[in-house]
Amino acid sequence: MQRRILHIDMDAFFASVEQVRDPRLAGKPLIVGGAPEDRRGVVSTASYEARKYGVHSAMSLTEAHRLCPHGIFIRGNFEFYREASKKVHAILGRVSPLVQMASIDEAYVEVSGSQRLFGGDDGIAAFIKSEVFRQTSLPCTVAIAPNKLVAKVGSDAAKPDGYVRVAEGSEALFLAPLPIAKLPGAGPKTCEALELLGVRTIGDLAALPISRLLAAFGPMGYALRRTAQGVSTSAVETEHIPKSIGRETTFPKDLLDWKHIERVLHYLAEKSLYALREEGMEAQRVTLKVRYADFSTYTFARTLEQPTALDSDVFAALHELLPRGRERPMRVRLIGVSLSQFTHNQHQLPLFCGQLTAKWERVLESVDRVRGKHGFECLRSCQSMALGRDVKLATPALSR
Ligand SMILES: [Mg+2]
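Residues numbered from 1 in each chain as written. Predicted model: local features only at pLDDT ≥ 70, side-chain atom pairs only at ≥ 80, totals over all residues. Heavy atoms only, no water.

Colleague: What's the story with the coordination of the magnesium ion in this structure? I'm lost.
Modeller: For a metal bound by four donors in a tetrahedral arrangement, the ideal donor-metal-donor angle is 109.5 degrees, while six donors in an octahedral arrangement ideally sit at 90 or 180 degrees. For the magnesium ion, every protein donor is listed as Asp-9 (OD), Met-10 (O) and Asp-105 (OD), and the spread of their distances is 2.1 to 2.5 Å. Each donor residue of the magnesium ion belongs to the same chain, with the gaps between them written as D-M-x94-D. One end of the pair, Met-10, is in strand E1 (residues 5–10); the other, Asp-105, is in the loop between strand E5 (99–103) and strand E6 (106–110), with 95 residues separating them in the sequence. The two residues Met-10 and Asp-105 agree in class, both being buried. (Donors = N, O, S within 2.8 Å, 3.2 Å for Na, K, Ca; no water. Helix = DSSP H or I, 4+ residues; strand = E, 2+ residues; numbered from the N terminus. Buried < 20%, exposed > 50% of the residue type's maximum accessible area, 1.4 Å probe, protein only.)

Written out as structure tokens, the structure reads:
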């Protein structure tokens, strides 16, 4: 069976979603990212109408405003983008179980086994493009090739609202006429160095004697050449759901001070919960792990009534488990917590989880956002703060 990989990329995704939501924006130069007076902001997405003026992603808003003063600048609505992305994801799941969302608006699908059912590459692409348009009114570009590398370059070349298929054996031929900057992995520095060697297109690079590449780039020369020939073996990585998330640590010396042990446990639980929410998961089982001075290891677990991603729920469960850990009159060598029995966070309706939970979910969302920017340590509970500002665990063992 031939290996066929599909890459789908939504066209000017955020801008297109806004144009569908508000038809008055359709056909207008729209810039999503912020108002021009948001000095430090950058363009997140520019509609194709705005791109004509030279506006592109990652450009400063000030610069975008200079190039396109009559453009419509908006801050954007992430929830709508996520909603559209979910719909696209679901459509891809109908084509193949092997879907890798590479970002909110981009995915790889292993379609080798879907050929018969949909009538080959063309049938698969037609189904996806029409179904995405029917359900979201959004344009997208699809490329199908023998590997991820060529599929990705393909969709970029076929934009917007395009479709391209690259047959097995014609990877190098397809890439050859494209400018070298289109090659994944060839950053500005590499491109500059290649241009000094007289390389303009990907084909030029593929034809360069390997000795010259090795002289200029060292061993990386081999990889560059393989990429230029369209050779890649990386697999579509389907979403991987961990079975448990936990953190544990061994103390520098065995301890009897349960007050301190408890603080460390709080800290470990906070770290685990942060990781859990990052995965978009909720856990229903909380396990406390204690290793004593004689190396005997005990676990104490509690199953909650409902799955949770809230610190307070997990702390409460740990406090119920702690007395059992204290029963053995022995020094403690290691302490750990792990969360398991996962379900995807449903963003439960307040109707089911109560106003207080909904409020805490919102608080934690902001906490995590700040941590994402400034690091985990910047916001912690008062219990774990009792350990001091910079917690240095002797063995910061991470388990997944
Ligand atoms: Mg895109």
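Moving on from the coordinates now.
Colleague: Even after reading the chapter, I still don't get the pairing of strand E10 (residues 281–292), so can you show me in this structure?
Modeller: Side chains on a regular strand alternate between the two faces of the sheet. Examined bridge by bridge, E10 and strand E12 (residues 332–344) share 11 bridges and lie antiparallel to one another. Pairing of Glu-282 across the sheet is with Thr-343, part of E12. Pairing of E10 with strand E11 (residues 297–308), which is carried by 8 bridges, proceeds in the antiparallel orientation. Bridging across to E11, Leu-288 finds its partner in Phe-300. Where E10 folds back on E11, the antiparallel hairpin that results is connected by 4 residues, among which Phe-295 adopts a positive phi of roughly 70 degrees. (Pairing = 2+ DSSP bridges.)

Colleague: What is the right way to look at the packing of aromatic side chains in this model?
Modeller: To describe a pair of aromatic rings, you give the distance between the ring centres and the angle between the ring planes. Tallying each qualifying case throughout the model produces 8 aromatic pairs. On the basis of an interplanar angle of 10 degrees and a centroid distance of 4.2 Å, the ring pair of Phe-14 and Tyr-81 is categorised as stacked. Linking Phe-14 in helix H1 (residues 13–21) with Tyr-81 in helix H4 (residues 78–95), this pair joins segments that are 67 residues apart in sequence. Of the two residues, Phe-14 and Tyr-81, both sit in the buried class. With a centroid separation of 6.1 Å and an interplanar angle of 75 degrees, the aromatic rings of Phe-78 and Tyr-81 are classed as edge-to-face. Taken together, the residues span about one helical turn, with Phe-78 and Tyr-81 both in helix H4 at a distance of 3 residues. Site record: aromatic cluster; members linked through ring pairs are Phe-13, Phe-14, Phe-78 and Tyr-81. Sitting over the face of the ring of Phe-80, Arg-21 holds its NZ or CZ atom 3.5 Å from the ring centroid. Just above the ring of Tyr-108 sits the side chain of Lys-148; from NZ or CZ to the centre is 4.9 Å. (Phe/Tyr/Trp six-rings, centres within 6.5 Å; stacked < 30°, edge-to-face > 60°. Lys NZ or Arg CZ within 6 Å of the ring centre and 35° of its normal.)

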